[in-house]
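Okay, here's what each chain looks like letter by letter:
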Amino acid sequence: MARKEKGDARRRWLEETYVPARDRFPERKETFRTASGFEVEPTYGPGPEFPGEFPYTRGILPTLYRARLWTMRQYSGYSSARETNHRFRYLLEQGQTGLSVAFDLPTQMGYDSDAPLAAGEVGKVGVAIDTIDDMRLLFDGIPLEKVSVSMTINATAAVLLAMYLVVAEERGIPADSLSGTIQNDILKEYIARGTYIFPPTPSLRLITDTFRYCSDNVPRWNTISISGYHIREAGATAVQELAFTFGDAIAYMEAAREARLDLDTIVRRISFFFAVMNDLFEEVAKFRAARRIWANIVTKRFGIPSSLGRLKFHTQTGGSTLTAQQPLTNVSRVTVQALAAVLGGTQSLHTNSYDEALSLPTERSARIALRTQQILACESGVASVVDPLGGSWYVEDLTERMERETWRLIDTIDEEGGMLAAVESGFVQRAIQKSAYEYQKGVESGDVEVVGVNCYRSGESAAPDLLEVGGVAEDAQKEALKTIRTRRDDGRHGRAIRALSEAAGGRENLLPYIMEAVRTDATVGEICDTLRGVFGEHKEIVTL
């Protein structure tokens, strides 16, 4: 492209794309400048692609952070709903702009806190939610119509979403004013994490039922957050993270098409959740390639308009990179990872706390993690430019290679019969296990350097002050369950549970039946046991 043509392309982008977007969403400030006073342009480079243009390599929005900073959404939840509500309020007071809920393992697996299998796990790695009462307490005093809420929940996603919607209903908050996300990504549970309940086919039905219900009733809600994060945390490479995540996305889109849902509507409410690790430039390239890949999947595989091919994603810094040795060094790791996420154009970010290799975060460590994001936003200058690394020979080469290798692996998944078949055969699990094994060998041999673990060890052994979650929550949850079961109308409750069982055996959308069960004080365990009775339970795929 000749210099004049490049200049003309830039002027057209500024006039036809950037300025209208800026006028619709006014910039955070009138002029952006460096510390030395140099004025900063919205973006740099002659094209041929600019931010906000298909296939969105350089960003899905022309203005990105110049108009609005990313959502700072710290992942929180422990002990009881009351304790977690306190943490939510604290983080909002500290400047957090969105909530992200962590649930305990019994809740994730569809067991009540008094179930034998829940013993010792209640409130340990997240908040315990058994009934609508818990959901009311969890969001007490929080304006749900103003705060975006993300819930990391999969097998029981429909149940927890139903509880959330009933709480909003009780407060008189219109469902169409609610915004947020449920993870609702069951395929990655079979691949990498293990908190599944039902076999794949009924699990996909619950997902498509959620798609349909929210499309009709909760239009601002993101009905699935397809998660590469847990795939990466299980040991996948960056390429595998992208390929397996987009393989899952293709499977969900195909399930939606088979359910005769409008894909143009569904794709608007699909979001993604990626990890960000220590290799700063590779991670930036990963996010740039991811936007390009998704845009082409949407348009070429599903025939959806290119304007709907914008990749929306949340990012979390790498939990598996945190070290128990010299834990304060994790502040530096998280800063590098957060910087990569922002340079890569994330819309939402969680920064891990330095003590999370040892315990759930304390208020102090959570505040430091949030301040890390705020320093990047307010002091570093990285939020002044869209795609600041675009045009870097190294980053552009990495972006091209990341895209090429990801497509190659997606093609292999297609040859395996699609993502569901690749999961059921163990192909995906074996690939991740091999990558995790190779990485661990590198750490143990010293080829992969981890500061404080296999190099620059100082002998430091003192642990920071840690958050302790005792057994009080478990006792309190058990007592609350007794109270609920005593006070509720057994006749109405029984009718709602029977209606849910009958609907599960048919083809009706299950969300209204789950919501009615919730209104009668049915517990998470009772609702899931009802579905277990119809759907059965998934058995782990053993790969060798």
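For the structure, check the block above.
All of these numbers come straight from a predicted model, not from anything done at the bench.

K.L.:
Could you give me a rundown of the pairing of strand E3 (residues 99-102), with the residues and numbers involved?
P.N.:
Neither face of E3 is left uncovered, since the one carrying Leu-99 and Val-101 and the one carrying Ser-100 and Ala-102 both have all their residues buried. Pairing of strand E2 (residues 75-76) with E3 involves 2 bridges; the strand directions are parallel. From the neighbouring strand, Ser-76 faces E3, where its bridge partner is Val-101. You can see the chain leave E2, run along helix H2 (residues 81-93) and come back into E3, and the turn it takes is right-handed. Summarising the sheet, E3 and strand E4 (residues 149-152) pair through 4 bridges and their orientation is parallel. Residue pairing in the sheet places Leu-99 in a bridge with Val-149 of E4.

K.L.:
Tell me about the sheet that holds E2, residues and numbers included.
P.N.:
Within the open sheet, the 5 strands sit side by side as E2-E3-E4-E5-E6. Their pairing is parallel. Two strands lie at the open edges of the sheet, namely E2 and strand E6 (221-222), each paired on one side alone.

K.L.:
Please give an account of the packing of helix H11 (residues 280-301) against helix H12 (residues 330-343) that cites residues and values.
P.N.:
Two elements in contact, H11 and H12, have axes separated by 8 Å at closest approach and are oriented at 30°. Taken together, the axis directions place H11 and H12 in an arrangement best described as roughly parallel. The two elements H11 and H12 cross, and the hand of that crossing is right-handed. In this structure, H11 uses Leu-280, Glu-283, Val-284 and Phe-287 to contact H12, whose residues at the interface are Val-336, Leu-339, Ala-340, Ala-341 and Leu-343. For the contact of H11 with H12, the per-class residue count stands at 8 nonpolar, no polar and 1 charged.

K.L.:
Just give me the short version of the side chain of Thr-152, but keep the residues and values in it.
P.N.:
With respect to the helices, strands and loops of the structure, Thr-152 is situated in strand E4. Apart from residues no more than four positions distant in its own chain, Thr-152 is found in contact with Tyr-75, Ser-100, Val-101, Phe-103 and Gln-183.

K.L.:
Describe the packing of H11 against helix H14 (residues 393-415), with residues and values.
P.N.:
Where H11 meets H14, the axes come as close as 8 Å, and the angle between the chain directions of the two elements is 50°. As far as their axial angle goes, H14 and H11 are oblique. As H11 runs across H14, the sense of the crossing is right-handed. In contact with Phe-281, Glu-282, Val-284, Ala-285, Lys-286, Arg-288, Ala-289, Arg-292, Ile-293, Asn-296, Ile-297 and Arg-301 of H11, H14 contributes Tyr-394, Val-395, Glu-396, Leu-398, Thr-399, Glu-400, Met-402, Glu-403, Thr-406, Trp-407, Ile-410 and Asp-414. By residue class, the composition of the contact of H11 with H14 is 12 nonpolar, 3 polar and 9 charged.

Definitions and cut-offs
- Counting restarts for each chain: residues are numbered from 1 in the order of the written sequence.
- Only residues with pLDDT of at least 70 get local features here, since the model is predicted, and only at 80 or more are side-chain atom pairs given and counted; chain-wide, interface and lining totals rely on the full set of residues.
- Side-chain measures here rest on the full set of heavy atoms in the structure, leaving out hydrogens and waters.
- Under the scheme applied here, a residue whose accessible area is under 20% of the maximum for its type counts as buried, over 50% as exposed, and between as partly exposed, the area being computed with a 1.4 Å probe on protein chains only.
- To qualify as a helix, a DSSP run of H or I must reach at least 4 residues; to qualify as a strand, a run of E must reach at least 2; elements of each kind are numbered from the N terminus.
- For two strands to be treated as a pair, DSSP must find no fewer than two bridges joining them.
- With the strands pointing away from the viewer, any crossover whose connection runs clockwise from the first strand over the helix to the second is right-handed.
- Only the contacting stretch of a helix is used when fitting its axis, a line to C-alpha atoms as for every element, and angles between N-to-C directions run 0 to 180 degrees.
- Any angle that falls under 35 degrees is termed roughly parallel, while one over 145 is termed roughly antiparallel, one within 65 to 115 roughly perpendicular, and all others oblique.
- Take the far helix as your reference; a near helix turned counterclockwise from it by less than a right angle gives a left-handed crossing, and one turned clockwise gives a right-handed crossing.
- Note on contacts: a residue pair is in contact if any heavy atoms of the two residues lie within 4.5 Å.
- Polarity classes work like this: nonpolar for Ala, Val, Leu, Ile, Met, Phe, Trp, Tyr, Cys and Pro, charged for Asp, Glu, Lys and Arg, and polar for all others, with Gly in that last group.

By themselves, these observations are geometric and do not establish any function.
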